[in-house]
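# Working through the structure, step by step
Take a look at the letters that make up each chain.
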Amino acid sequence: MTGTNTGLLAEDVPQLSAAGVQEARRRLGGRVLETPVVRCEELDAAAGARLWLKAENLQRGGSFKMRGALLAVERLARAGSPGVVAQSTGNHAIAVALAAREVGMPAVLVLPVDAAPTKVRRIREAGAEVLQVGTTLADRLAVVDELRVLRGLDVIDPYQDPDVVLGQGTATADLLDGVHAAGGRLDAVVLPVGGGSAVAGACLATDGSGIEVFAAEPAAVPALGEALRAGRPVTVAARPTIADGLRPDRIGQLPFDLARERVSRVVAVEEEAIADAMRLVLTRCRLLVEPAAATAVAAALRIAAEGGRSDIGVLVSGGNVETTLVTQLLADQI
């Protein structure tokens, strides 16, 4: 789903390619933080390989989602959009709210009824309107479509918007550059996958490099894994997961099309492994990351244990985490 009210011409649509990712980096120059690529000796020892963590938990808005939101809002603002609407489990909504505030554009964000309170608060603090409906992707999409029609708002889809995918791809491109600057070269990158924009962007950013791309998803919500088995996006029967950022029960069509031939494997991560990875990164690397990011770390540890890959990059996608969850983790109560 994309906005249809701004009259964007075909030539205005960005090219989904490695060159398109580099152009997105140019457009984002000075607008996003140059988050560090972090190495942790204790994590490397646990992995038996070098893990290079792209610390997007330190990014504006608390996640890599800021990258795609800035590009999408910028393009719509130039086209004279009256305002935007987006659905999200949290981080995309925060990013859209902040990006819209920068250009003085109204924004309505549609979240599930059980969205993390910390994320809802951050959206409202950015001055955006929040609507909470249902628990499934279909519930949210129905409300977004209604608002598009009734209010004339333009949709910034977290998975289907080309600007969003390219923007998310810049995080992987920056990771590659950071590792190169430190004298390393990656064998693989690992991205968390919910709706799919991160892994789709990584597929573009690594195209032609020979670097393997792995997708990490909660075993409770195997949206990409089931889509690859079915040969098309399918709605999965999602179970509860602490990785609230990876709750979409269906992969986007655009990310699926980009990932189906490029992703080496989908790693399904159980809840206990997500919690263990989040605890490990907090106590050994001194980085506070949300469970979605920890899912990618857990997958990277599993991939490293298989051997054959000495340098693995991990997109630490965000750090918007509930303090109560951190307390529970440290008390070993989940």
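Our subject is the structure listed above.
Okay, so let's go over this structure. Remember, it's a predicted structure, so these values are computed and weren't measured experimentally. (Residues numbered from 1 in each chain as written. Predicted model: local features only at pLDDT ≥ 70, side-chain atom pairs only at ≥ 80, totals over all residues. Heavy atoms only, no water.)

## Structural notes on the overall build of the protein
- Counting its secondary structure elements, the protein contains 13 helices and 10 strands.
- For the protein, whose C-alpha radius of gyration is 18 Å, the value lies close to the compact-globule estimate of 20 Å for 334 residues.
- Each principal axis of the C-alpha atoms in the protein carries an extent, and together these give about 55 × 45 × 40 Å.
- Taken over 334 residues, the protein has a buried fraction of 59%.
- Long-range contacts, defined as pairs at least 24 residues apart, comprise 72% of the intrachain contacts of the protein with a sequence gap of at least 6.
- Element-wise, carbon and sulfur atoms account for 50% of the exposed surface of the protein, whose accessible area totals about 12,700 Å². (Helix = DSSP H or I, 4+ residues; strand = E, 2+ residues; numbered from the N terminus. Rg over C-alpha atoms; globule rule 2.2 N^0.38 Å. Buried < 20%, exposed > 50% of the residue type's maximum accessible area, 1.4 Å probe, protein only. Contact = heavy atoms within 4.5 Å. Areas by Shrake-Rupley, 256 points an atom, 1.4 Å probe, with all protein chains shown as cover.)

## Some words on the sheet that holds strand E6 (residues 154–155)
- One open sheet accounts for 4 strands, arranged E5-E4-E3-E6; its pairing is parallel. Bordering the open sheet on either side are strand E5 (129–132) and E6, each of which pairs with just one other strand.
- Note: strand E3 (residues 84–87) against strand E4 (residues 107–111), 4 bridges, orientation parallel. In the sheet register, Ala86 faces E4, and the bridge partner there is Leu109.
- Its contacts with the sheet put helix H5 (residues 117–125) on E4 and E5, and the angle it makes with E5 is roughly 150°. (Pairing = 2+ DSSP bridges. Axes fitted to C-alpha atoms, helices over the stretch in contact; angles between N-to-C directions.)

## Regarding unusual backbone geometry
- Positioned with a positive phi, Arg286 is a non-glycine residue whose angle comes to about 60°.
- By the element assignment, Arg286 lies in the loop between helix H11 (271–284) and helix H12 (291–305).

## What to know about the sheet that holds strand E10 (residues 311–316)
- In space, the 6 strands of this open sheet follow the order E1-E2-E10-E7-E8-E9, with mixed pairing throughout. Looking along the sheet, the strands with just one partner apiece sit at the ends: strand E1 (37–38) and strand E9 (263–269).
- Direction of pairing for strand E2 (residues 50–55) relative to E10: parallel, over a ladder of 6 bridges. Residue pairing in the sheet places Trp52 in a bridge with Gly313 of E10.
- Sheet strands touched by helix H7 (residues 162–181): E1, E2, strand E7 (188–192) and E10. Its angle to E2, the strand with the most contacts, is close to 130°.

## A closer look at the packing of aromatic side chains
- The tally for this structure, following the rule as stated, stands at 0 aromatic pairs.
- Above the plane of the ring of Trp52 lies Arg39, whose end atom (NZ or CZ) is 4.9 Å from the centre. (Phe/Tyr/Trp six-rings, centres within 6.5 Å; stacked < 30°, edge-to-face > 60°. Lys NZ or Arg CZ within 6 Å of the ring centre and 35° of its normal.)

## Comments concerning the packing of H7 against helix H8 (residues 197–205)
- Packing of H7 against H8 leaves a shortest axis separation of 7 Å and a crossing angle of 60°. The pairing of H7 with H8 is recorded here as oblique in orientation. Between H7 and H8 lies a crossing whose hand is right-handed. Where H7 approaches H8, its residues Val164, Val165, Leu166, Gln168, Gly169, Thr172, Ala173 and Leu176 are matched on the opposing element by Ser197, Ala198, Ala200, Gly201, Ala202, Leu204 and Ala205.
- Class assignment for the residues of the contact of H7 with H8 results in 10 nonpolar, 5 polar and no charged. (Parallel < 35°, antiparallel > 145°, perpendicular 65-115°, else oblique. Left-handed = near helix turned anticlockwise from the far one by under 90°. Nonpolar A, V, L, I, M, F, W, Y, C, P; charged D, E, K, R; others polar.)

## Side note on the pairing of E4
- Counting buried positions along E4 gives 5 out of 5 residues, so the element sits mostly inside the fold.
- Traced from E3 through helix H4 (residues 91–102) to E4, the parallel crossover comes out right-handed.
- Sheet topology note: the E4/E5 ladder contains 4 bridges and is parallel. Considered in E5, the bridge of Val108 is made with Glu129.
- Handedness of the β-α-β unit built from E4, H5 and E5 comes out right-handed. (Right-handed = clockwise from strand over helix to strand, strands pointing away.)

## So, helix H13 (residues 323–330)
- Among the residues of H13, those classed as buried are Leu325, Val326 and Leu329. The arc that holds every buried residue of H13, seen down its axis, measures 100°, which confines them to one face. Within H13, the exposed residues directed more than 90 degrees away from the buried face are Thr323, Thr324 and Thr327.
- The secondary structure elements touched by the buried residues of H13 are H11 and H12.
- Of the residues one or two after H13, Asp332 is the one with positive phi, at around 55°. (Arc of directions from axis to C-beta.)

## As for the environment of Leu330
- Locating Leu330 in the fold gives a position in helix H13.
- Those residues in contact with Leu330 that lie beyond four places of it in its chain are Arg279, Leu282 and Thr283.

## Points about the packing of helix H1 (residues 18–28) against H7
- Across the interface, H1 lies against H7 with an axial gap of 8 Å and an inter-helix angle of 90°. In terms of axis orientation, H1 runs roughly perpendicular to H7. Where H1 approaches H7, its residues Gly20, Val21, Gln22, Ala24, Arg25, Arg27 and Leu28 are matched on the opposing element by Asp163, Leu166, Gly169, Thr170, Ala173, Asp174 and Asp177.

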